[in-house]
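Here's the letter readout for the chains.
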Amino acid sequence: MPKRNVVSWSAMIAGYGMYGHGQNALSLFSQMQQQGLKPDGITFVCVLSACSHAGLVNEGWQYFDCMIPQYRITPKEEHYACMVDLLGRAGHLDEAQDFIQRMPFQPGASVWGALLGACRIHGNTELGESVAERLLDLDQENPGRYVLLSNIYAAAGRWDGVEKVRTMMKKRRLNKTPGCSLIEFNKKVYTFVVGDKSHPHSDKIYALLDTLAGKMKEAGYVPDTNFALHDVEEEVKEHSLSSHSEKLAIAFGLINTSSDTPIRITKNLRVCGDCHTATKFISKIVRREIIVRDSKRFHHFKEGFCSCGDYW
């Protein structure tokens, strides 16, 4: 680039952060300042987010604490939300709660939403209920908040709670955003949803997934039925997991692309834990690079590993 400014540097920091390369992001932050550029509030959002995606708790505290004394930047709600996300992802839920209580202004939906997401990751149903109560007072019209709470209940086997959330959504005429995965092939975008059999190649797709399932189990894969969010038998849950949209899109890519090209998938929601594990196994079995862009970040699967280090 003929000229690099704070915008271009911040964009690069954000990019590294989304791939889980937190240390690289922080290195860029240092290089930016060595070039004589001063970070702004957005730069710090990118830095704190990069720390969050890489689990760099100590570094995150360091950069947050230096915003005012060193850079004269007063943290805003988005910075506090990043810190809650950082602490929550790392499992420091008590510390995240204490941090919220010490905020100099009333926390908004983004802050409570970050803590609710952490409750989902770590299965803290009791705290999740309390956080959801505050969050839904602030953000009643966002269906994603209700779905997150419902998922917390489902993972804990609290089907009465799931039904309660569904009833609340119906009363408020809110609809869940259906999960879907997209893949481009021959300049055309193909969209898959869970259990999708509308594609002309559905027979081949499901046949390939059955074959892969056998090889994956031989390699040690165990379906994580905690991500089959329905009150049904374990066998039915496993079957439901096998037809998640990202698995269908990956199978389509394997069938229709050459073996020397990476498979690129876009998911409109956060990739579920079972699909994440399954994709690692698939990448090793078929020896293909698989890149998944979900609503949170990029996941680069190669030879049985993911760029996120199983932390997302």
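Every value quoted in this text rests on a predicted model; they were computed, and no experiment measured them.

**Considerations on the nonpolar core**
Point 1. Of all hydrophobic cores here, the largest spans 58 residues; its most connected members are Phe29, Phe44, Tyr63, Phe64, Val84, Phe99 and Leu115.
Point 2. Tallying contributions element by element places helix 8 (residues 109-122) first for this core, with 8 residues.
Point 3. Apart from the residues lying within four places of it in its own chain, the contact partners of Phe29 are Ile13, Pro39, Thr43, Phe44, Val47, Tyr63 and Tyr71.
Point 4. Counting 29 residues, the second-largest nonpolar core is a separate cluster that includes Leu209, Leu254, Phe301 and Cys308.

**A short note on the packing of helix 12 (residues 202-218) against helix 14 (residues 245-256)**
To characterise two packed helices, one gives the angle between the axes of the helices and the distance between these axes.
Point 1. In contact at an axis separation of 9 Å, helix 12 and helix 14 are set at 100° when each is read in the N-to-C sense. Compared by their axis directions, helix 12 and helix 14 come out roughly perpendicular. The segment helix 12 lies against helix 14, with Lys204, Ile205, Tyr206, Leu208, Leu209 and Leu212 engaging Lys247, Leu248, Ala251, Phe252, Leu254 and Ile255.
Point 2. Along the lines of polarity and charge, the residues of the contact of helix 12 with helix 14 split into 10 nonpolar, no polar and 2 charged.

**Structural notes on the environment of Thr225**
Point 1. The topology assignment puts Thr225 in the loop between helix 12 and helix 13 (234-242).
Point 2. Between the C-alpha atoms of Thr225 and Ala155, which are 70 residues apart in sequence, the distance is 8.9 Å.

**Details of helix 3 (residues 41-54)**
Point 1. Its 14 residues place the ends of helix 3 20 Å apart at the C-alpha level, agreeing with the 20 Å of an ideal helix rising 1.5 Å per residue.
Point 2. For helix 3, every residue scored as buried is listed here: Thr43, Phe44, Cys46, Val47, Leu48, Ala50, Cys51, Ser52 and His53.
Point 3. Buried residues in helix 3 make contact with helix 1 (6-18), helix 2 (22-34), helix 4 (57-65), helix 5 (67-71) and helix 6 (77-89).
Point 4. In this structure Asp40 caps helix 3, since a side-chain oxygen of it lies 3.1 Å from the backbone nitrogen of Ile42.
Point 5. Downstream of helix 3 by one or two residues, Gly55 has phi in the positive range, about 70°.

**Some thoughts on the packing of aromatic side chains**
Point 1. Within the structure shown, the criterion is met by 15 aromatic pairs.
Point 2. Taken together, a centroid distance of 5.5 Å and an interplanar angle of 65° make the contact between Phe29 and Phe44 edge-to-face. Of this pair, Phe29 sits in helix 2 while Phe44 sits in helix 3, and the two are 15 residues apart along the sequence. Just as Phe29 is buried, Phe44 falls in that class too.
Point 3. Measuring from ring centre to ring centre gives 5.6 Å for Phe192 and Phe252, while their planes differ by 50°; the resulting arrangement is tilted. With Phe192 in strand 2 (residues 188-193) and Phe252 in helix 14, this pair connects stretches of sequence that are 60 residues apart. As far as burial versus exposure is concerned, Phe192 and Phe252 are alike and both buried.
Point 4. By the ring-pair criterion, three or more aromatic residues cluster together here, those being Trp61, Phe64, Tyr80, Phe99 and Phe105.

**Considering the packing of helix 1 against helix 3**
Point 1. One can describe the packing of helix 1 onto helix 3 by two numbers: an axis separation of 8 Å at closest approach and a directional angle of 15°. Taken as axis vectors, helix 1 and helix 3 run roughly parallel relative to one another. Helix-helix and strand crossings are classified by hand; for helix 1 and helix 3 the assignment is left-handed. Packed against helix 1, whose contacting residues are Val6, Ser10, Ile13, Ala14 and Gly17, the element helix 3 presents Thr43, Cys46, Val47, Ala50 and His53 at the interface.

**Points about the pattern of salt bridges**
Point 1. The tally for this structure, following the rule as stated, stands at 9 salt bridges.
Point 2. Put simply, Arg102 and Asp98 hold a salt bridge, and the shortest N to O gap is 2.9 Å.
Point 3. Linked by salt bridges that have partners in common, Glu129, Arg158 and Asp160 make up one network.

**Concerning the side chain of Lys267**
Point 1. Here Lys267 is to be found in strand 3 (residues 263-267).
Point 2. Given a relative accessible area of 9%, Lys267 falls into the buried group.
Point 3. Non-local contacts of Lys267, meaning those with residues more than four positions away in its chain, are made with Gly179, Cys180, Ser181, Ser245, Glu246, Arg293, Asp294 and Ser295.

**Things to note about the environment of Pro200**
Point 1. Topologically, Pro200 is positioned in the loop between strand 2 and helix 12.
Point 2. Judged by relative accessible area, Pro200 falls into the exposed class, the value being 74%.
Point 3. Residues Pro200 and Ser27, spaced 173 residues apart in sequence, show a C-alpha to C-alpha distance of 48 Å.

**Considerations on the sheet that holds strand 5 (residues 298-302)**
Point 1. The strand order 2-1-3-4-5-6 describes an open sheet built from 6 strands, whose pairing is mixed. Only two strands of the sheet have a single neighbouring strand rather than two, namely strand 2 and strand 6 (305-306).
Point 2. Bridging between strand 1 (residues 180-185) and strand 2 involves 6 bridges; their strand directions are antiparallel. From the neighbouring strand, Phe185 faces strand 2, where its bridge partner is Lys188.
Point 3. Against the sheet, helix 15 (residues 273-286) touches strand 4 (290-293), strand 5 and strand 6, its axis set at about 35° to strand 5.

Conventions and cut-offs
Residues numbered from 1 in each chain as written. Predicted model: local features only at pLDDT ≥ 70, side-chain atom pairs only at ≥ 80, totals over all residues. Heavy atoms only, no water. Core = buried A, V, L, I, M, F, W, Y, C linked by side-chain atoms within 4.5 Å. Buried < 20%, exposed > 50% of the residue type's maximum accessible area, 1.4 Å probe, protein only. Helix = DSSP H or I, 4+ residues; strand = E, 2+ residues; numbered from the N terminus. Contact = heavy atoms within 4.5 Å. Axes fitted to C-alpha atoms, helices over the stretch in contact; angles between N-to-C directions. Parallel < 35°, antiparallel > 145°, perpendicular 65-115°, else oblique. Nonpolar A, V, L, I, M, F, W, Y, C, P; charged D, E, K, R; others polar. Expected span 1.5 Å × (residues − 1). Polar contact = N/O pair within 3.5 Å; in protein donor to acceptor, adjacent residues only side chain to side chain. Phe/Tyr/Trp six-rings, centres within 6.5 Å; stacked < 30°, edge-to-face > 60°. Left-handed = near helix turned anticlockwise from the far one by under 90°. Salt bridge = Lys/Arg side-chain N within 4 Å of Asp/Glu carboxyl O. Pairing = 2+ DSSP bridges.

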